Structure formats: C-alpha cells, structure tokens
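Observations on the three-dimensional arrangement
This is what each chain is made of:
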Protein chains: 2
Amino acid sequence: MQARARERARQILEVTARLLDKVGLDDLTTILIAKELGISVGSLYHYFPNKHAILYALAEDWLASMTAALEEVSESALEECTLDEFVEVLLDKLAKVYQEQEGVLPLVQAMWGIPELSEIDERHDQLVITYLCKMFERLGFACPPNEKSRIARLMLETMHTVLVTITQQQGHRARRTREDLHRMLLAVMDARRADAAPDGLDDIEAP
Amino acid sequence: MQARARERARQILEVTARLLDKVGLDDLTTILIAKELGISVGSLYHYFPNKHAILYALAEDWLASMTAALEEVSESALEECTLDEFVEVLLDKLAKVYQEQEGVLPLVQAMWGIPELSEIDERHDQLVITYLCKMFERLGFACPPNEKSRIARLMLETMHTVLVTITQQQGHRARRTREDLHRMLLAVMDARRADAAPDGLDDIEAP
DNA sequence: ACCTGAACACCGTTCAAGT
DNA sequence: ACCTGAACACCGTTCAAGT
C-alpha cells in the first residue's frame, strides 16, 4: 500500500533526525539508520534513492516550517506597525521554529556541506529574501530593490546565526541575546528608513 | 634534513588550501592531494598523521592570523577611543584576514563539520572572547563579566557570518554591508555602555 | 510489493619493501 | 631518511534472489 510506504518514509526521517542529533553528521551511516529501524540497508534504498535524499527531505521540512512562520508574520498588519513591533513578531515566530527543530546544528551543517542541500538552502534563502522585501515595502522602506534584497540577506544570515546561538543558551542569557539581536536588526532597518538613499543603480558596476 | 621536511609540509598545506577552494571539502581526497603534489599517498602520511591533521594545520594558521589581527587592534589607544572608532579599527583588521584567506568557506565548513577542528575553533573562540572582554573594559563598559563575554560571543559570531558574506560580495554592495555590520555592532555595544546594568548575578539560575 | 545481505566501488590509512 | 603502492577496513550503493 501507498499508505504503508509513506509511513515507512516518515519513520526513516524521524529516526534520521534523532540519530543526527545524537551522533552527528559524520557518524550517521546508512547501516546505522537501517539498524535503528530494524530493516536492512537495501530496504532503506527502497524509500530513498540515496543518503543525501534523506537529509534533503529533512532539510525541506525544516525550510518549509521557516516559510510557514514568515507567512504568518506577513499576515499581520505591517502597514500600521512600528519597526520595533515588526522585529518582535518576526523574532517570535522564527525563534519558535529554531527551538522546535530536532538537531538544527548538524542539519545546518549538512546544508552547508552537501552540494545538493546547499542548493535548496540557497533557493530557500531567495524565497525568504523575497518575503522580507515585500514586507519592507509595506513597512515603508525607502531604498531601491537591490538594496532591499541585500539588507534582507544580511538580516536573514544574522538572524540565523544568532538564533542558532540562542538555542544553545539558557534562560536569562538566551533572553538577553535575543534582545541584542532585536537591537541589531533595528539598527540596520532604521538606517534604511531614515536615508531615502539616492543611489539606486550603482550596483551595476561589477560583473 | 629537517628543513626539507618542513618545506614539504608547507607545500602540502598550500596545495590543500588551493584544492579546498577549488573542489570543496567533500571532493578533497588524500589521493588527490598526493597526486597534485606528485607524490604517493604513503608519502603524505609521512608528514601528517591523517587527513584531518592537514585541515587542522590549515585551521590553526587561519585562527592564528585572526588572533594577530586582534592583537593589533588591542595595541591601539582604546582608552581615548569612541565606540565608532573602535568598531572601525576592529572591522578593518578582521576584514583583511577574511579577504586574504584562500578558501575561507570550505575551511569554515570543515571547522564545523569535523569534531577535531570544531575543538580548536571553540578554543579559539574563547581566546577571541577573552581579547574582546579586555578591550570592553578599556572602552569603559559597565556590565558584569559574564555579560561581557556573552556580548563578545555574539559579536564574534555576527562578525564571522557577515564578513564571510562580504567576501562573496563586490564593490558597493560589500562596502554597504560592512557599514551595516558596523551599525549592528554599535547598537549592541551602545546598549551596554548606556545601561549600567544592575543585574550581575542572575546567570546562576540555570545549570 | 517489499525485503535481504553479499558484492562492488571508493576513500582513508597502513605497512612491507624499495632507494 | 624518504618514498612507493598494494592491501585492508569501512561506507555508500546495487542487485540477484527470496517472501
């Protein structure tokens, strides 16, 4: 049955996520995954064409939940929103996604290390950047499109790094780091609302 | 001769750095390194005990040049320095290190992915944090030690992420992203000089 | 249809034998 | 002292044979 097959695929992803968290990317072998599930290696390849495909599927899930969080943010009334409130909502939604993902660290590591995965990572980044740019517009940003996307990427990468850091901190420390992240993002965004930058086209410069 | 041996070791590191930049971490094999140098695999193991040791040595070089840059920063007259000037000098020195390192990206990836390397990475982070904390003091920061080191780590990680981004950007884009990084760091530091935070001990809370 | 596990290719590492 | 390359262990992947 198709239903059984999908159930097995789900089990494989679940076990892989757990093992990833437990043993790390380097020691995650197909044999280990199969053994943990009580099936043979060959059987594993019945559901996924190769090891990377399993990690690929995990990464897709993770990126999808990130997109969902952004979708939620963009549903709030940004037009009548201070930058401060915007950052608050944004960090709230994204922090939850990072907090809930099992083994974020090795997964992120896999996304950087394996070419197939960095490909979807890059595609996903583009998606997030597009989302953020649209929101910037609704927030009344006064800067050219390529500047908006540059800032979006900068914010994306900063949020990523610091949110990963936060998942490794506790209590007060975590809370303060989050406040600092808030400050950093605000500093970048504030600069772009103040300057109605008159330099829209000088990006054409370099190939 | 010892001199010959050291020369060979240097050659191996040089070739590995170039190959790392060219083919990436995944496709970097010991056979490839040996072939590129015109020696046999066995000979390679005469100079380094294993593949990780080669990457380890590369990482050490890179981290050493980072430390050297920080040493230079701490030689300037921080006591009579605005935060703005401090950030300017700091980013100037560090940006050069990132710009000059061949294959920063795969090297960083290796440092995250390989346990031995993440160990020196962590040791190095601690060193940088210590440096930064000392400088914070000279800059007149008013917050408890554990807060200083938390902020140092935050800054370290933010600088790392954004400086890597900058090495992949060009001209105006790179310059603007650097200005934004400047703003972000300033925002975090400013907050700590203003508040003479009265909450020094509440980190004891969680295990 | 789903599963098995021996077999193959490939890579890191070793070591007996060479100069 | 330094080098060689066949040999070994291990892991990802395949496939002929089973239920």
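First, a word on scope: everything that follows refers to the structure included in this document. Not measured: the values here are computed from a predicted model. (Residues numbered from 1 in each chain as written. Chains lettered and ligands numbered in written order. Predicted model: local features only at pLDDT ≥ 70, side-chain atom pairs only at ≥ 80, totals over all residues. Heavy atoms only, no water.)

Each helix and strand counted, chain A has 9 helices and 0 strands in total. Walking chain A from its N terminus toward its C terminus, one meets helices and strands in the order α-α-α-α-α-α-α-α-α. If one aligns the C-alpha atoms of chain A with their principal axes, the spans along those axes are about 60 × 45 × 30 Å. Within chain A, buried positions represent 50% of all 207 residues. Intrachain contacts of chain A at a sequence separation of at least 6 include 71% that bridge at least 24 residues. For chain A, the exposed surface amounts to about 10000 Å²; the carbon and sulfur share of it is 53%. (Helix = DSSP H or I, 4+ residues; strand = E, 2+ residues; numbered from the N terminus. Buried < 20%, exposed > 50% of the residue type's maximum accessible area, 1.4 Å probe, protein only. Contact = heavy atoms within 4.5 Å. Areas by Shrake-Rupley, 256 points an atom, 1.4 Å probe, with all protein chains shown as cover.)

Tallied over the entire structure, the rule returns 4 aromatic pairs over all chains. Considering the side-chain rings of Phe136 of chain A and Phe141 of chain A, the 4.5 Å spacing of their centres and the 5 degrees angle between planes classify their relative orientation as stacked. The pair Phe136 of chain A / Phe141 of chain A is uniform in exposure class, with both members buried. Centre to centre, the rings of Trp62 of chain B and Tyr98 of chain B are 4.9 Å apart; their planes meet at 90 degrees, and the pair counts as edge-to-face. (Phe/Tyr/Trp six-rings, centres within 6.5 Å; stacked < 30°, edge-to-face > 60°.)

Bringing the packing of helix H7 (residues 115–138) of chain B against helix H8 (residues 145–167) of chain B into the picture now. Residues and elements named next belong to chain B. Between H7 and H8, the least distance of the axes is 9 Å, while the angle of their chain directions is 120 degrees. In terms of crossing hand, the pair formed by H7 and H8 is right-handed. Across the interface between the two elements, Glu122, Asp125, Gln126, Val128, Ile129, Leu132, Cys133, Phe136 and Glu137 of H7 pack against Lys148, Ser149, Ile151, Ala152, Arg153, Met155 and Leu156 of H8. (Axes fitted to C-alpha atoms, helices over the stretch in contact; angles between N-to-C directions. Left-handed = near helix turned anticlockwise from the far one by under 90°.)

Inspection of the entire model under this criterion finds 36 salt bridges over all chains. The partner of Glu7 of chain B in a salt bridge is Arg10 of chain B, and the shortest N-O contact between them spans 3.2 Å. Placement of the pair is Glu7 of chain B and Arg10 of chain B together in helix H1 (residues 2–23), with a separation of 3 residues, close to one helical turn. With relative accessibility at 35%, the residue Glu7 of chain B sits in the partly exposed group. Salt-bridge contacts for Arg18 of chain B lead to Glu36 of chain B; the nearest nitrogen and oxygen are separated by 3.3 Å. Here Arg18 of chain B is found in helix H1, whereas its partner Glu36 of chain B is found in helix H2 (residues 30–37), with 18 residues between them in sequence. On the basis of relative accessibility, which here comes to 38%, the residue Arg18 of chain B falls in the partly exposed class. Each of Glu147, Arg150 and Arg192 of chain A together with Arg176, Asp180 and Arg183 of chain B takes part in salt bridges that share partners, so that together they form one network. (Salt bridge = Lys/Arg side-chain N within 4 Å of Asp/Glu carboxyl O.)

Our next topic: the state of the cysteines. Scanning the entire structure with this criterion turns up 0 disulfides over all chains. Here Cys81 of chain A is not cross-linked by a disulfide; its sulfur's nearest cysteine counterpart is in Cys133 of chain A, at 17 Å. Judged by its relative accessible area of 16%, Cys81 of chain A is buried. No disulfide involves Cys133 of chain B; its nearest neighbouring cysteine sulfur is the one of Cys143 of chain B, lying 8.4 Å away. A relative accessible area of 14% places Cys133 of chain B in the buried class. (Disulfide = S-S within 2.5 Å.)

Let us look at the protein's contact with DNA strand D. Taken together, 17 residues lie around DNA strand D, and Tyr45 and Lys51 of chain A together with Arg8, Ser40 and Tyr47 of chain B are the ones closest in. Counting only the atoms of DNA strand D within 4 Å of the protein, the fraction contributed by sugar and phosphate is 71%. Residue Ser40 of chain B places a main-chain N or O atom 2.8 Å away from a phosphate oxygen belonging to DNA strand D. At the level of secondary structure, the elements contributing two or more residues to the surface near DNA strand D comprise helix H3 (41–47) of chain A together with helix H3 (41–47) of chain B. For the surface near DNA strand D, the element with the most residues is H3 of chain B, which contributes 4 residues. When its residues are assigned to classes, the surface near DNA strand D shows 7 nonpolar, 8 polar and 2 charged. (Near = heavy atom within 4 Å. Polar contact = N/O pair within 3.5 Å; in protein donor to acceptor, adjacent residues only side chain to side chain. Nonpolar A, V, L, I, M, F, W, Y, C, P; charged D, E, K, R; others polar.)

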